[in-house]
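# Residue-level structural notes
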Amino acid sequence: MALNPQYDAIGKSFVQQYYMLFDDPIQRPSLVNMYNVEHSFMTFEGKQLQGSAKIMEKFESLRFQNISRQITVVDSQPMFDGGVLINVFGRLQVDTDPPHDYNQVFVLKPLNGSFFVQHDIFRLNIHNTA
Amino acid sequence: MDYDYLVKFLALGDSGVGKTSFLYQYTDGVFHSRFISTVGIDFREKRMIYQSKGINHRIHLQLWDTAGQERFRSLTTAFYRDAMGFLLLFDLTNEQSFLEIRNWIEQLRIHAYCEVPDIVLCGNKADMEERRVVSEWRAREFAEQNKLPYLETSAATGQNVNRAVETLVDRVMSRIETAVDRAMLPGRRGRPKDPNELNLSTPTSQNCFC
């Protein structure tokens with residue numbers, strides 16, 4: 001499959017849509033449609049999860065009322081199978097906590113004219129030294 | 001130097017158990033709070049006097065708080081480094097936060113300076129009696145099994161908040177004093193009788209002064 005020339009626009013619009021759903025507790029469960037039942041991996045703070053059910057279970061276990069975020073930058077690359085690699089660098093704030101920087105990487109895999117999230121890695125940017 | 005000891009404590013426990021309110025209550029709402037975003041730490045400081053054997057010791061207490069990153073399970077080892085004592089909190093109105101205490105103790109044993117660090121277990125939100133789901137005897141039984149002092153606290157009313165911190169200060173200071181005293185006695189605790197005599201015995205697995 002050829003490289004997708006729209007990779008940059010796809011990356012940006014995916015990120016916007018993904019977080020719009022994630023940050024709204026009512027719409028968050030619909031993220032299940034972004035992942036594959038089996039062929040999706042997520043690594044959340046080092047914990048590896050496979051399949052949409054396990055990934056959604058993780059999201060449901062996160063305890064906060066409100067989350068808001070600012071995206072600093074979205075970098076994308078076309079992949080040789082027609083997919084898109086996306087790296088997000090941003091800052092999120094949960095309830096009354098101080099804001100935290102974070103990093104999230106997605107791999108979108110093409111499927112029947114659309115995409116699903118095949119890989120997803122999330123980390124807060126917290127270091128071992130100040 | 002205007003203090004004798006710098007003592008660093010960590011407040012740990014699930015998000016929402018009231019760690020920040022607890023520390024706020026202890027410092028009477030008056031503190032320097034400094035947030036270091038790269039390590040995700042929020043810390044406050046307070047001066048106190050600790051009396052022992054008729055001597056006043058000036059203590060500079062640093063209370064380290066998470067900045068919410070425990071919601072994501074992302075505490076780094078930097079957070080535990082150099083901490084001398086731990087305030088371990090759960091919410092008396094939240095069963096899950098009590099069940100998670102076991103995991104927190106596990107984490108402490110891995111990351112703290114020694115395998116049996118000084119911990120004070122606090123069942124917080126004791127003022128919300130009508131919403132309590134963790135009974136006092138259950139919490140006490142758990143604390144006894146794990147050899148932890150247990151206090152029911154309320155960050156809202158201040159119940160037992162000072163006592164919890166003071167209990168931890170007592171434990172940590174007596175550990176420090178014991179270590180200092182023993183180190184001054186020749187032939188005790190791995191210290192050679194004669195300074196010229198090498199101590200070739202292998203140190204035990206404990207890397208702390210307990």
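Placed above this text is the structure.
Here we summarise the structure given alongside this text. Only a predicted model underlies this, so the values are computations on that prediction, with no experimental measurement involved.

Looking now at the nonpolar core. Residues and elements named next belong to chain A. Phe14, Tyr18, Phe59 and Ile86 are the most contacted members of the largest nonpolar core, which totals 33 residues. Among the elements of the structure, α1 (7–22), β1 (41–44), α2 (52–61), β3 (67–78), β4 (84–94), β5 (100–111) and β6 (114–124) are those that each provide at least two residues to this core. Top contributing element to this core by residue count: α1, with seven residues. The contact partners of Ile86, leaving out residues within four places of it in the chain, are Gly11, Phe14, Val15, Val74, Asp75, Ser76, Gln104, Val105, Phe106 and Leu108.

Our focus in this paragraph is the sheet that holds strand β2 (residues 47–50) of chain A. Residue and element names in this part refer to chain A. On the basis of which strands lie adjacent, the open sheet formed by six strands has the order β2-β1-β6-β5-β4-β3 and mixed pairing. The open sheet terminates on both sides in strands that have one partner only, identified here as β2 and β3. Across the sheet, the axes of successive neighbouring strands diverge by a mean angle of 20 degrees, strand direction being ignored. With four bridges joining them, β1 and β6 adopt parallel strand pairing. Its bridge partner being in β6, Thr43 is matched across the sheet by Ile121. Contacting β3, β4, β5 and β6, α1 runs over the sheet at an angle of about 155 degrees to β3. Relative to β2, α2 is tilted by about 130 degrees, and along the sheet it contacts β1 and β2.

The next subject is the pattern of salt bridges. Scanning the model with the defined rule gives 19 salt bridges over all chains in all. A salt bridge links Asp81 of chain A to Lys109 of chain A, with the shortest nitrogen-to-oxygen separation between them at 3.0 Å. With a gap of 28 residues between them, Asp81 of chain A in the loop between β3 and β4 and Lys109 of chain A in strand β5 connect regions that are remote in the sequence. Asp81 of chain A gets classed as partly exposed once you look at its relative accessible area, which sits at 27%. In this structure, Arg71 of chain B engages Asp95 of chain A in a salt bridge whose closest nitrogen and oxygen atoms are separated by 3.5 Å. One end of the pair, Arg71 of chain B, is in the loop between β4 (55–66) and α2 (77–80); the other, Asp95 of chain A, is in the loop between β4 and β5, on a second chain.

Definitions and cut-offs
Residues numbered from 1 in each chain as written. Chains lettered and ligands numbered in written order. Predicted model: local features only at pLDDT ≥ 70, side-chain atom pairs only at ≥ 80, totals over all residues. Heavy atoms only, no water. Core = buried A, V, L, I, M, F, W, Y, C linked by side-chain atoms within 4.5 Å. Buried < 20%, exposed > 50% of the residue type's maximum accessible area, 1.4 Å probe, protein only. Helix = DSSP H or I, 4+ residues; strand = E, 2+ residues; numbered from the N terminus. Contact = heavy atoms within 4.5 Å. Pairing = 2+ DSSP bridges. Axes fitted to C-alpha atoms, helices over the stretch in contact; angles between N-to-C directions. Salt bridge = Lys/Arg side-chain N within 4 Å of Asp/Glu carboxyl O.

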